[in-house]
Amino acid sequence: MQITDVRVRKVAKEGKLKAVVSITLDDEFVVHDIKVIEGEKGHFIAMPSKKALDGEYRDIAHPINSETRERIQSIILAKYEEVLSEQLEE
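This structure is a prediction, so every number in the text was calculated from the model and none was measured. Think of each chain on its own: its residues are numbered from 1, step by step along the sequence as written. Totals for whole chains, interfaces and linings use every residue, but because this is a predicted model, local features are given only for residues with pLDDT of at least 70 and side-chain atom pairs only at 80 or more, for both listing and counting. Only hydrogens and water are set aside; all other atoms, that is, all heavy atoms of the structure, feed into the side-chain values.

1. Examining the side chain of Gln-73
Here is the rule we go by: Helix and strand definitions follow DSSP, with helices as H or I runs of at least four residues and strands as E runs of at least two, each counted in order from the N terminus. Here the term buried applies to any residue with accessible area under 20% of the maximum for its type, exposed to any over 50%, and partly exposed to those in between, with areas from a 1.4 Å probe on protein chains only. Any two residues having at least one pair of non-hydrogen atoms within 4.5 Å are treated as being in contact.
Mapped onto the elements of the fold, Gln-73 is located in helix H1 (residues 66–89). Taking relative accessible area as the criterion, Gln-73 reaches 16% and is therefore assigned buried. In contact with Gln-73, other than residues within four places in its own chain, are Phe-44 and Ile-45.

2. Details of the pairing of strand S3 (residues 29–39)
We apply this condition: Strands qualify as paired when DSSP identifies two bridges or more between them.
Pairing between strand S2 (residues 17–25) and S3: 7 bridges, direction antiparallel. Counted as the bridge partner of Leu-17 is Ile-37 from S3. Hairpin geometry of S2 and S3 is characterised by an intervening segment of 3 residues between the two adjacent antiparallel strands and by a positive phi of about 50° at Asp-26. Here S3 runs beside strand S4 (residues 42–46); their pairing, made up of 5 bridges, is antiparallel. From the neighbouring strand, Glu-38 faces S4, where its bridge partner is His-43.

3. Focus on the environment of Ile-60
For Ile-60, the location among the structural elements is in the loop between strand S6 (57–59) and H1. Overall, Ile-60 belongs to the exposed group, its relative accessible area being 57%. What Ile-60 contacts, discounting residues up to four positions off in sequence, is Pro-48, Ser-49 and Lys-50.

4. A word on the pattern of salt bridges
Inclusion rule: What counts as a salt bridge is simple: a side-chain nitrogen of Lys or Arg found within 4 Å of a carboxyl oxygen of Asp or Glu.
In this structure the tally under the stated criterion is 5 salt bridges. Here Asp-5 makes a salt bridge to Arg-7, at a shortest N to O gap of 2.6 Å. Since its relative accessible area comes to 25%, Asp-5 is described here as partly exposed. Classification of Arg-7 as exposed rests on a relative accessible area of 55%. As a salt-bridge pair, Asp-59 and Arg-69 come within 3.9 Å of each other at their nearest N and O atoms. In this pair, Asp-59 is assigned in strand S6 and Arg-69 in helix H1, connecting sequence segments 10 residues apart. By relative accessible area, which is 38% here, Asp-59 ends up partly exposed.

5. Structural notes on H1
Selection rule: Here, expected helix span is obtained from the residue count minus one, scaled by 1.5 Å. Polar contacts, as counted here, are pairs of nitrogen or oxygen atoms within 3.5 Å of one another; within protein the pair requires one atom able to donate a hydrogen and one able to accept it, and residues that are adjacent in sequence qualify only if both atoms are side-chain atoms.
Helix length check: H1 (24 residues) gives 34 Å between terminal C-alpha atoms against 34 Å at 1.5 Å per residue, within 8%. Within H1, burial applies to Thr-68, Ile-72, Gln-73, Ile-76, Leu-77, Tyr-80 and Val-83. Where H1 is buried, its residues contact strand S1 (3–10), S2, S3 and S4. The N-capping residue of H1, defined by a side-chain oxygen 3.4 Å from the backbone nitrogen of Glu-67, is Asn-65.

Encoded structure:
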C-alpha cells in the first residue's frame, strides 16, 4: 500500500486542531478527515471518527498495526510541515 496523495487543509482558528488531511491510497482509495493535532509532545494524527450512542468516539477507519500508523503519521506530518513552510515563504 502506497500513499499516493496527501491534501492538507490548515485550520485557521486557535486551538489544538491544526489541520484536516485527506490521503489517497494506491491512487484508488481516499480517507478524509484525518486530523493533525498539537499535543504536549508534538504533533500527531487522529483518524476519522464518529460519536457512538454511548457518547464515546470510535475510529471509522484506522491502521491495523502500529507500524502502518507510524508510516501514515510520518508522511502526513511531513506534508503538513511542507505546507507550513510554503505559507511562511509567501
